[in-house]
Amino acid sequence: MEGENITIEKGLLLVKREETSANTTPLLVFTTFIIVAASFTFGVALGYTAGTMSSIMEDLDLSIAQFSVFGSLLTFGGMIGAIFSAKSADAFGRKMTLWLAEVFCISGWLVISLAENIIWLDFGRFFVGIGVGLISYVIPVYIAEITPKNVRGTFTFSNQLLQNCGLATAYYLGNSMSWRTIALIGIIPCMIQFFGLFFIPESPRWLAKEGRDKECEAVLQKLRGKEADVIRESREIMISVDATANISMRSLFKKKYSRQLTIGIGLMLLQQLSGSAGISYYAGSIFELAGFPSRIGMTVLSMVVVPKAILGLILVDRWGRRPLLMASAFGISLSCITLALSFGLKGVPGIVKFTPTMAFIGILTFNMMFAAGLGALPWVIMSEIFPMDMKVVAGSLVTITNWFTGWIVSYCFNFMIIWSQTGTFSIFAMISGLTIVFSWCLVPETRGLTLEEIQLPRANTLS
């Protein structure tokens, strides 16, 4: 890349080239825990409709179209939250944006728990969507900005781990607990983050952007430990911030930013078009259509998604982003092929007894492979590849793309299943195969590089 990146490189060459301290301090761990706490409620929201569909429809006398609208309003609200997420995080700071998100999430869950008709139910889902739309951008960016480069992937991936914990909770409780009670459970992590934000620091990179250099250095010292030498890292951040100019939405489409934009938007599109929203929202109904006991299926799902996310947490800084992304997409493609075959062979004599088990294996594999890679890595990579000031407009555009595509998939999924179960999962399988090709050809490997080094021409990742 040229222009500002050349300026950054010249500046960074003046800094002593010693390794940045990679201490994992108690404050860093505590801060990350508070930040990703909201991801738990995100996971609960994603899995909320999977096990509660029949009980909500029965209690409030809803049609399949009304419930599809209710389910899709999470992603529609997420799209609205995404429109303001990056701008809010840039103008008011990461912490203030997270406080705002929790107000929406807490309000939304309360409304759902008290809803007596479809209108209030939809309003609650929409409010929760706005909240998770805000945090979906802020959490990975915040974590990427506070962590040392050699553990950045692991810490950022913890966002997906907590999200899968929430998803597992919703799956497990969906068939055994009232949908109103599950909504109240979704409030608990919101309260943890709301009060925990009082005890954690602001992002040092945001402080540097605001010209608060002394606070930036002080925060880095606390995050890295008293004995750590943070001079080099703080100077890199300040040089990077000084060298970058504010970018308008119009300038975002210049040739020099084309690769970052293509990668960011492409990964978000492929993540959602793999069918993740539909399968997460309606896993219970898919089990029922396949003839597999929904209660058993949801219980097993709740037991496996968290361990698989832990595996991704371990591998992301060992394998790297790119190999893990391709392996995850390959597994998802195979699982969708299995699902397509299970429905396609459903009436074939001699095989009909095995098709429910095939469907179960397909859904189980899909959730495991998604949790291990494609669920988190687009957000991890998005938080890494964009320069500081580009994150505002680019981050908003990429996040909106994710939520808008998810809204379309979540709303259309039930109608696609009615059209053709085999056709639906065949489409998802082809899109997941395309993700492998896309990752191989375009996605850079950012493991082991600081956020500033990723932007340098010599890093040979985005230039």
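### Re the overall build of the protein chain
Here comes step 1: Regarding its fold elements, the protein chain presents 21 helices and zero strands.
Here comes step 2: Relative to all contacts within the protein chain whose residues are 6 or more apart in sequence, the contacts with residues 24 or more apart total 84%.

### Looking at helix α8 (residues 187-196)
Here comes step 1: Among all positions of α8, only Ile187, Pro189, Cys190, Gln193 and Gly196 are buried.
Here comes step 2: The inward-facing, buried residues of α8 abut α2 (26-60), α4 (94-114) and α7 (179-185).

### Digging into the packing of aromatic side chains
Here comes step 1: By the definition in use, this model includes 24 aromatic pairs.
Here comes step 2: For the pair Phe104 and Phe127, a centre-to-centre distance of 6.3 Å together with 65° between the ring planes defines the contact as edge-to-face. With a gap of 23 residues between them, Phe104 in helix α4 and Phe127 in helix α5 (residues 118-146) connect regions that are remote in the sequence.
Here comes step 3: On the basis of relative accessibility, which here comes to 27%, the residue Phe104 falls in the partly exposed class.
Here comes step 4: Note on Phe366 and Phe370: the rings are 6.1 Å apart at their centroids and 10° apart in plane angle, and the pair reads as stacked. On the criterion of helical spacing, the pair formed by Phe366 and Phe370 is a turn pair, its members being four residues apart in helix α17 (residues 355-374).
Here comes step 5: Here the aromatic cluster, defined as three or more aromatic residues joined through ring pairs, consists of Phe67, Phe70, Tyr281, Tyr282, Phe343, Phe413, Phe425 and Phe428.
Here comes step 6: In this structure, Arg125 is placed above the aromatic ring of Phe70, and the distance from its NZ or CZ to the ring centre is 5.2 Å.

### Observations regarding unusual backbone geometry
Here comes step 1: One non-glycine residue, Asp61, lies in positive phi territory at about 55°.
Here comes step 2: Mapped onto the fold, Asp61 is located in the loop between α2 and α3 (64-92).

### A closer look at empty space enclosed by the protein
Here comes step 1: What the rule picks out here adds up to four cavities of 30 Å³ or more.
Here comes step 2: Volume-wise, the largest cavity comes out at about 320 Å³.
Here comes step 3: Together, 26 residues line the largest cavity, and Phe42, Leu46, Gln163, Gln272 and Phe370 are the ones closest to its centre.
Here comes step 4: Those elements giving two or more residues to the lining of the largest cavity turn out to be α2, α5, α6 (152-174), α12 (258-273), α13 (276-281), α17 and α19 (390-419).

### Thoughts on the side chain of Ser342
Here comes step 1: Counting through the fold element by element, Ser342 comes out in helix α16 (residues 321-344).
Here comes step 2: Looking at Ser342, its side chain comes within polar contact range of the main-chain oxygen of Leu339, at 2.7 Å.
Here comes step 3: If near-sequence neighbours (up to four positions away) are discounted, Ser342 is found in contact with Thr355, Met358 and Ala359.

### Points about the packing of α5 against helix α18 (residues 377-385)
Here comes step 1: Two elements in contact, α5 and α18, have axes whose closest approach is 9 Å; the angle formed by their N-to-C orientations is 60°. It follows from the interaxial angle that α5 and α18 lie oblique. For α5 against α18, the interelement crossing comes out right-handed. Where α5 abuts α18, its residues Ser136, Tyr137, Pro140, Val141 and Ala144 lie against Trp379, Met382 and Ser383.
Here comes step 2: Partitioning the contact of α5 with α18 into residue classes produces six nonpolar, two polar and no charged.

### Concerning the environment of Ser410
Here comes step 1: Here Ser410 lies in helix α19.
Here comes step 2: Those residues in contact with Ser410, other than ones at most four positions away along the chain, are Ser72, Thr75, Ala277, Tyr281 and Tyr282.
Here comes step 3: Separated by 3.0 Å, the side chain of Ser410 and the backbone oxygen of Trp407 make a polar contact.

Conventions used here
- Chains are numbered independently. Their residues run from 1 in the order of the written sequence.
- In keeping with the predicted nature of the model, local features appear solely for residues at pLDDT of at least 70, side-chain atom pairs appear and are counted solely at 80 or more, and the whole-chain, interface and lining totals rest on all residues.
- Only hydrogens and water are set aside; all other atoms, that is, all heavy atoms of the structure, feed into the side-chain values.
- Helix and strand labels come from DSSP, where a helix needs a run of H or I of at least four residues and a strand needs a run of E of at least two; each type is numbered from the N terminus.
- Whether two residues are in contact is decided by their heavy atoms: any pair within 4.5 Å suffices.
- Only protein chains enter the calculation, and the probe is 1.4 Å; a residue is then buried if its accessible area is under 20% of its type maximum, exposed if over 50%, and partly exposed in between.
- Put simply, two rings from Phe, Tyr or Trp (the six-membered ring, in Trp's case) pair if the centres are within 6.5 Å, and we call them stacked under 30 degrees between planes, edge-to-face over 60, tilted for the rest.
- We call a charge positioned above a ring when the Lys NZ or Arg CZ atom is no farther than 6 Å from the ring centre and deviates by at most 35 degrees from the ring normal.
- The way it works is a 1 Å grid over only the protein atoms, where trapped points that fit a 1.4 Å probe form a cavity and open points with protein on both sides within 12 Å along at least five of seven lines form a pocket, and then any residue with an atom within 4 Å of a point lines it.
- Grid points are joined across faces, edges and corners, and a volume is the space filled by probe spheres set on the points.
- Counting of polar contacts relies on pairs of N or O atoms within 3.5 Å, with two restrictions inside protein: one atom must be capable of donating a hydrogen and the other of accepting it, and residues adjacent in sequence are counted only when both atoms are side-chain atoms.
- For helices, the axis comes from a line fit to the C-alpha atoms of the stretch in contact; other axes are also lines fit to C-alpha atoms, and the angle between any two N-to-C directions lies between 0 and 180 degrees.
- For classification purposes, angles smaller than 35 degrees are called roughly parallel, those larger than 145 roughly antiparallel, those between 65 and 115 roughly perpendicular, and all remaining angles oblique.
- Here is the rule for handedness: rotate from the far helix to the near one, and if that takes an anticlockwise turn smaller than a right angle the crossing is left-handed, while a clockwise turn gives right-handed.
- When residues are grouped by polarity, Ala, Val, Leu, Ile, Met, Phe, Trp, Tyr, Cys and Pro land in nonpolar, Asp, Glu, Lys and Arg in charged, and all others, Gly among them, in polar.

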